[in-house]
Amino acid sequence: MKNIQAESLLKVNFSNESIVEHLKLDVPKKFKHAWLKAEEGSWEPWLLKKNGFLGRQLFWDPKDEEATLLIGWKSRDLWKSIPQSEINFVQQEFENIARKETGEISGNPFPLIYEGELIPE
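Since this is a predicted model, take the numbers as computed values, not measurements.

Reading guide: rules and limits
Residues numbered from 1 in each chain as written. Predicted model: local features only at pLDDT ≥ 70, side-chain atom pairs only at ≥ 80, totals over all residues. Heavy atoms only, no water. 1 Å grid on protein atoms, 1.4 Å probe; cavity = no way out; pocket = protein on both sides within 12 Å on 5 of 7 lines; lining within 4 Å. Points joined across faces, edges and corners; volume = space filled by probe spheres on them. Helix = DSSP H or I, 4+ residues; strand = E, 2+ residues; numbered from the N terminus. Expected span 1.5 Å × (residues − 1). Buried < 20%, exposed > 50% of the residue type's maximum accessible area, 1.4 Å probe, protein only. Contact = heavy atoms within 4.5 Å. Core = buried A, V, L, I, M, F, W, Y, C linked by side-chain atoms within 4.5 Å.

S.K.: Help me understand the layout of surface pockets, please; the structure alone is not making it clear to me.
M.R.: Space left empty within the atom packing is revealed by a probe, the size of a water molecule, rolled over the atoms. Roughly 510 Å³ of internal volume is contained in the largest pocket. Lining the largest pocket are 23 residues, with E21, L23, W43, I87 and E115 sitting closest to its centre. Of all the elements in the fold, those that place two or more residues in the lining of the largest pocket are β2 (19–26), α2 (43–48), β4 (66–73), α3 (76–80), α4 (84–102) and β5 (112–118). At 5 residues, the largest contribution of residues to the lining of the largest pocket is made by α4.

Rendered as structure tokens:
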């Protein structure tokens, strides 16, 4: 498990507007460290600068070889106000690092397999 945070998600006092972005990626065991390196070189520094970002937790399931990402946001409006072009740019950075680290020539070595939202209770 790896966490980056403005504050730990486990300690955040979520407001009524808070939301958690829930993502799952296909991450084969042999490329787990490549995935983490790609996250650290792209999404991590970008998220730390985003208004409304509360924190992030990364989990890896060795049985299913899947990563689960939980990203806390102050509000859905702040999260969804991020321009798609900006997200696409960071995703390209992530994929470039991932390809370099895995030796893949094209595509995304760690495809998104699930995207959802969780409401803290």
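Following the structure, the description resumes.
S.K.: Help me understand α4, please; the structure alone is not making it clear to me.
M.R.: In an α-helix, one full turn covers 3.6 residues, which means residues spaced three or four apart are oriented alike. Taking 1.5 Å of rise per residue, 19 residues should cover 27 Å, and α4 covers 26 Å from first to last C-alpha, within 8% of that figure. Burial in α4 covers these residues: V90, F94, E95, A98, R99 and T102. Lining the buried residues of α4 we find β2, α1 (32–41) and α2. Following α4 by one or two positions, G103 has its phi on the positive side, about 85°.

S.K.: How do you make sense of the nonpolar core when you look at a structure like this?
M.R.: For soluble globular proteins, the rule of thumb is that nonpolar side chains tend to be buried together. Grouped together as the largest cluster of nonpolar side chains are 25 residues, with contacts concentrated most on W35, L69, W73 and F110. Put simply, the parts of the chain that give this core at least two residues each are β2, α1, α2, β3 (53–61), β4 and α4. Contacts of W35, omitting those with residues within four sequence positions, involve L25, V27, L58, F59, W60, A67, L69, F94 and F110.

Honestly, that's just the spatial picture; any functional story needs more than this.
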